[in-house]
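# Descriptive analysis of the structure
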Amino acid sequence: MPHKTVYACFCTDVLHEGHMNIINKARELGDVTVGVLTDEAMVQMDRFPVLGLEDRMAMMAEVDGVSRVVVQDSIFYDRNIAELRPDYVIHGDNWLQGPLRAIRDNAEEALAAYSGQIIDAPYTHSEEAQHVDRRMREQLSMPEHRRHLLRKLIELRGTVKAIEVHSGLTGLIAEKTVVFDGEKLDQFDAMWISSLCDSTAKGKPDIELVDMTSRFRTISDVTEVTTKPIIFDGDTGGKTEHFVYTVRSLERLGVSAVIIEDKVGLKKNSLFGTEVAQMQDSIEGFCAKIAAGKKSQVTDDFMIIARIESLILEQGMEDALERAAAYVGAGADGIMIHSRKKDPAEILEFCDRFREADQSTPIVVVPSSFNSVTEDELAEHGVNVVIYANQLTRSAFPAMEQTAKDILTHHRAKEVDDRLMPIKDIITLIDEI
Ligand code: SPV
Ligand code: MG
């Protein structure tokens, strides 16, 4: 019998019975090469590595029956298949469904080029395997691990995208939603705890009325069921004497970054612009707040991002740029520039001019009004974090309101049923652990 070769690829830090079952099955088929995903590829699979790539490779090399370990730098197998030309590629049969199917299709197409074969090994549903998987996710959700994820993701991906969350349920949507666009699997990298949506969910205006204790409760609800990094909307940061406590509380909760805006007095939502009275802080005043926050933080991971309201308050581009440089000088780890114009031109101009002087400080934008601009365009102008700040809340509210109206109109719920999630789906939506 000619000597056969088998390729398997793993996206894990810990080996359990399920992985061993695949390796043992592979050994029966031939000489086993194992691919280990790079950090960047693992992140795309929503598995943030706890071990470094070299340690993961060493772990695989020690497994009995593994002849060779190689790096796989994409979640898709095609390049490694073309290079290694294995007779078989083996994977658990869980990749027959859901977003993993795209990965299987890609492998199947690459194998078809030389009549290689795919093996869908029965997925191991053992208690031990589930326990190890759960432990891994729990480890990822711990504050000391989650806190540095935002910096790490910006470093790995250049530009990251965050979506608004204000509850455990919206957190799960941010955590689990994955789409396949024909080329790559896509998902949100991070979560934004918006002051607007956190307040709206409580039926309150966005004026720093919802107190920090309550805001921290929202963070806990989200951290209990997710692993992705959190960017917290800290409004004005409040009094400097209070802000220093907030920074440490956020670090303790595992939040990666706080964004504070350079306003004083009664804060109103920026999307009101100059229609309501809002006062910008002085450059010195806000720099002092940033510096005090930086001095009080305990970990190196945590980021304080300074949000500039000059364009919102119509103070001009020069003022925005002057403030950006001053805030970075005071220690800000990033700059958020905001605008309520439909046209992204002023945002892009700010980014270009800021980048002429500063190539490294992360830029954050919130394209709620200038929503025609794409993530790629923003990335070309040096943006590192794109925040979709309120779209989940704004989509849920009209749907719920319409349902309430229709039930009132028809005096029963039958008419709304077609657009509702089936009862079976809602009762099984949340996994029991
Ligand atoms: C929020 O989401 O609360 C924000 C962004 O601060 S914005 O509403 O655009 O001001
Ligand atoms: Mg806000």
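Refer to the preceding data block for the structure.
The model shown is predicted, which means the values in this text are computed figures rather than measured ones. (Residues numbered from 1 in each chain as written. Chains lettered and ligands numbered in written order. Predicted model: local features only at pLDDT ≥ 70, side-chain atom pairs only at ≥ 80, totals over all residues. Heavy atoms only, no water.)

What follows deals with the site of ligand 1. Lining the immediate surroundings of ligand 1 are Trp-192, Ser-194, Ser-195, Leu-196, Asp-233, Asn-269, Ser-270, Leu-271, Arg-307, His-338 and Ala-389. Within the contact set of ligand 1, an oxygen atom lies 2.8 Å away from a side-chain nitrogen or oxygen of Ser-194. His-338 is positioned with one of its side-chain polar atoms (N or O) 2.7 Å from an oxygen atom of ligand 1. Taken by itself ligand 1 offers 280 Å² of open surface, and the protein chains cover 99% of this. Of the pockets mapped on this structure, ligand 1 occupies the largest cavity. Looking at side-chain class alone, the shell around ligand 1 contains 4 nonpolar, 5 polar and 2 charged residues. (Near = heavy atom within 4 Å. Polar contact = N/O pair within 3.5 Å; in protein donor to acceptor, adjacent residues only side chain to side chain. Areas by Shrake-Rupley, 256 points an atom, 1.4 Å probe, with all protein chains shown as cover. 1 Å grid on protein atoms, 1.4 Å probe; cavity = no way out; pocket = protein on both sides within 12 Å on 5 of 7 lines; lining within 4 Å. Sits in = over half its atoms within 2 Å of the grid points. Nonpolar A, V, L, I, M, F, W, Y, C, P; charged D, E, K, R; others polar.)

So, on to the pairing of strand 9 (residues 190–193). Burial along strand 9 is two-sided: the residues Ala-190 and Trp-192 and Met-191 and Ile-193 are all buried. With 3 bridges joining them, strand 6 (residues 160–164) and strand 9 adopt parallel strand pairing. For Glu-164, the partnering residue across the bridge sits in strand 9 and is Trp-192. Bridge count between strand 9 and strand 10 (residues 230–233): 3 bridges; the pairing is parallel. By the bridge assignment for strand 10, Trp-192 is matched with Ile-231. (Buried < 20%, exposed > 50% of the residue type's maximum accessible area, 1.4 Å probe, protein only. Helix = DSSP H or I, 4+ residues; strand = E, 2+ residues; numbered from the N terminus. Pairing = 2+ DSSP bridges.)

For the rest of this paragraph, the subject is helix 17 (residues 391–410). Along its 20 residues, helix 17 runs 29 Å from first to last C-alpha, staying within 8% of the 28 Å computed at 1.5 Å per residue. Residues of helix 17 that are buried: Leu-392, Thr-393, Thr-403 and Asp-406. Summarising the contacts, the buried residues of helix 17 are in contact with strand 6, helix 9 (168–176) and helix 10 (195–201). In the stretch just after helix 17, His-411 is the one whose phi turns positive, near 55°. (Expected span 1.5 Å × (residues − 1). Contact = heavy atoms within 4.5 Å.)

Tyr-327, Ile-337 and Phe-350 are the most contacted members of the largest nonpolar core, which has 47 residues in total. When neighbours within four sequence positions are excluded, Phe-350 is seen to be in contact with Ile-308, Met-317, Ala-320, Leu-321, Ala-324, Ile-335 and Ile-337. In this structure, Val-43, Leu-150, Val-385 and Ala-389 belong to the second largest nonpolar core, which totals 22 residues. (Core = buried A, V, L, I, M, F, W, Y, C linked by side-chain atoms within 4.5 Å.)

All right, on to the pattern of salt bridges then. All told, the structure shown has 30 salt bridges when counted by the stated rule. Residue Asp-206 pairs with Lys-267 through a salt bridge whose shortest N-O separation is 2.9 Å. Here Lys-267 lies in the loop between strand 12 (263–264) and strand 13 (279–280) and Asp-206 lies in the loop between helix 10 and helix 11 (212–225), a separation of 61 residues in the sequence. Judged on exposure class, the residue Asp-206 and its partner Lys-267 are both buried. Close ionic contact of Asp-221 with Arg-217 constitutes a salt bridge, the shortest N to O distance being 2.9 Å. (Salt bridge = Lys/Arg side-chain N within 4 Å of Asp/Glu carboxyl O.)

Before going further, it helps to examine unusual backbone geometry. Positive phi, close to 45°, is recorded for Arg-85, a residue that is not glycine. Mapping Arg-85 onto the fold places it in the loop between helix 4 (78–84) and strand 4 (88–92). Judged by relative accessible area, which is 48%, Arg-85 ranks as partly exposed.

A few words on the packing of aromatic side chains. Under the defined criterion, the tally for this structure stands at 6 aromatic pairs. Ring geometry for Phe-76 and Phe-180: centres 6.1 Å apart, planes at 55°, overall tilted. With Phe-76 in the loop between strand 3 (66–72) and helix 4 and Phe-180 in strand 7 (residues 178–180), this residue pair connects regions lying 104 residues apart in the sequence. A residue is classified by how much of its surface remains accessible, and Phe-76, at 11% relative accessible area, is buried. For the ring pair Phe-286 and Tyr-327, a centre distance of 4.9 Å and an interplane angle of 65° mean the geometry is edge-to-face. Here Phe-286 is found in helix 13 (residues 283–296), whereas its partner Tyr-327 is found in helix 14 (residues 317–329), with 41 residues between them in sequence. (Phe/Tyr/Trp six-rings, centres within 6.5 Å; stacked < 30°, edge-to-face > 60°.)

Taken by themselves, the reported measurements are silent on function.
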